[in-house]
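# A structural walkthrough
Each chain, written out:
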Amino acid sequence: MSAEGGISTGAALAALAICESLLIALIEAGLLDEAEREEILEAALEAHRASPAGRYSKSDHDEAAEIIRRMLVRSDSTRS
């Protein structure tokens, strides 16, 4: 199934999984610490929150921001 912007749901899920795996691998290799990981995710979150409708709708950006926010919350809960 193709999203409005022409990217399929499968492609979006694959991209998300690859990014999550890369962040984990960078942390495990000692190339990135948890604070840096959070900074990356927070920057991505803010970029989507600030993105106007264009190629992708505002609701698409809001959905992306919510997914990233959940990743941040999940990482906070695993450290506690």
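My aim in this report is to walk through the structure given alongside it, one point at a time. All of these numbers come straight from a predicted model, not from anything done at the bench.

For helix α1 (residues 9-28), built from 20 residues, the straight-helix expectation of 28 Å at 1.5 Å per residue is met to within 8% by its first-to-last C-alpha distance of 29 Å. The positive-phi residue at the C-terminal boundary of α1 is G30, with phi of around 80 degrees.

Below, the discussion takes up the pattern of salt bridges. Summed over all chains, the structure comprises five salt bridges. Here E34 makes a salt bridge to R37, at a shortest N to O gap of 4.0 Å. Of the two residues, E34 and R37 are both situated in helix α2 (residues 34-50); the distance of three residues between them amounts to about one turn of the helix. Overall, E34 belongs to the partly exposed group, its relative accessible area being 28%. One salt bridge connects D62 with K58, and the closest N-O pair in it is separated by 3.5 Å. One end of the pair is D62 and the other is K58, both in helix α3 (residues 58-79) and four residues apart, which spans about a single turn. D62 gets classed as partly exposed once you look at its relative accessible area, which sits at 38%. By sharing partners, the salt bridges in this structure join E66, R69 and R70 into a single network.

Burial of nonpolar side chains together is a common tendency in soluble globular proteins. Residues L23, L32, L41, L45, A65, I68, M71 and L72 constitute the largest nonpolar core, which totals eight residues. Only α2 and α3 provide two or more residues apiece to this core. Ranked by the residues each element gives to this core, the list is headed by α3, at four residues. Residue contacts for L32: discarding those within four places in its chain leaves L23, L26, I27, R37 and I40.

Attention now moves to the side chain of S51. Along the chain, S51 turns up in the loop between α2 and α3. Of the polar contacts made by the side chain of S51, one reaches the backbone oxygen of A47; its length is 2.6 Å. When neighbours within four sequence positions are excluded, S51 is seen to be in contact with K58 and H61.

Together, D33, E36, E39 and E42 make up a negatively charged patch on the protein surface. You can see E42 is positioned in helix α2. Residue E42 is classed as partly exposed on the basis of its relative accessible area of 39%.

Quick notes on the rules
- Residues numbered from 1 in each chain as written.
- Predicted model: local features only at pLDDT ≥ 70, side-chain atom pairs only at ≥ 80, totals over all residues.
- Heavy atoms only, no water.
- Helix = DSSP H or I, 4+ residues; strand = E, 2+ residues; numbered from the N terminus.
- Expected span 1.5 Å × (residues − 1).
- Salt bridge = Lys/Arg side-chain N within 4 Å of Asp/Glu carboxyl O.
- Buried < 20%, exposed > 50% of the residue type's maximum accessible area, 1.4 Å probe, protein only.
- Core = buried A, V, L, I, M, F, W, Y, C linked by side-chain atoms within 4.5 Å.
- Contact = heavy atoms within 4.5 Å.
- Polar contact = N/O pair within 3.5 Å; in protein donor to acceptor, adjacent residues only side chain to side chain.
- Patch = residues over 30% accessible without salt bridge, like charges linked within 9 Å, V, L, I, M, F, W, Y side chains within 5 Å.
- Areas by Shrake-Rupley, 256 points an atom, 1.4 Å probe, with all protein chains shown as cover.
- Lys, Arg positive; Asp, Glu negative; His and termini not counted.
- Charge placed at Lys NZ, Arg CZ, Asp CG, Glu CD.

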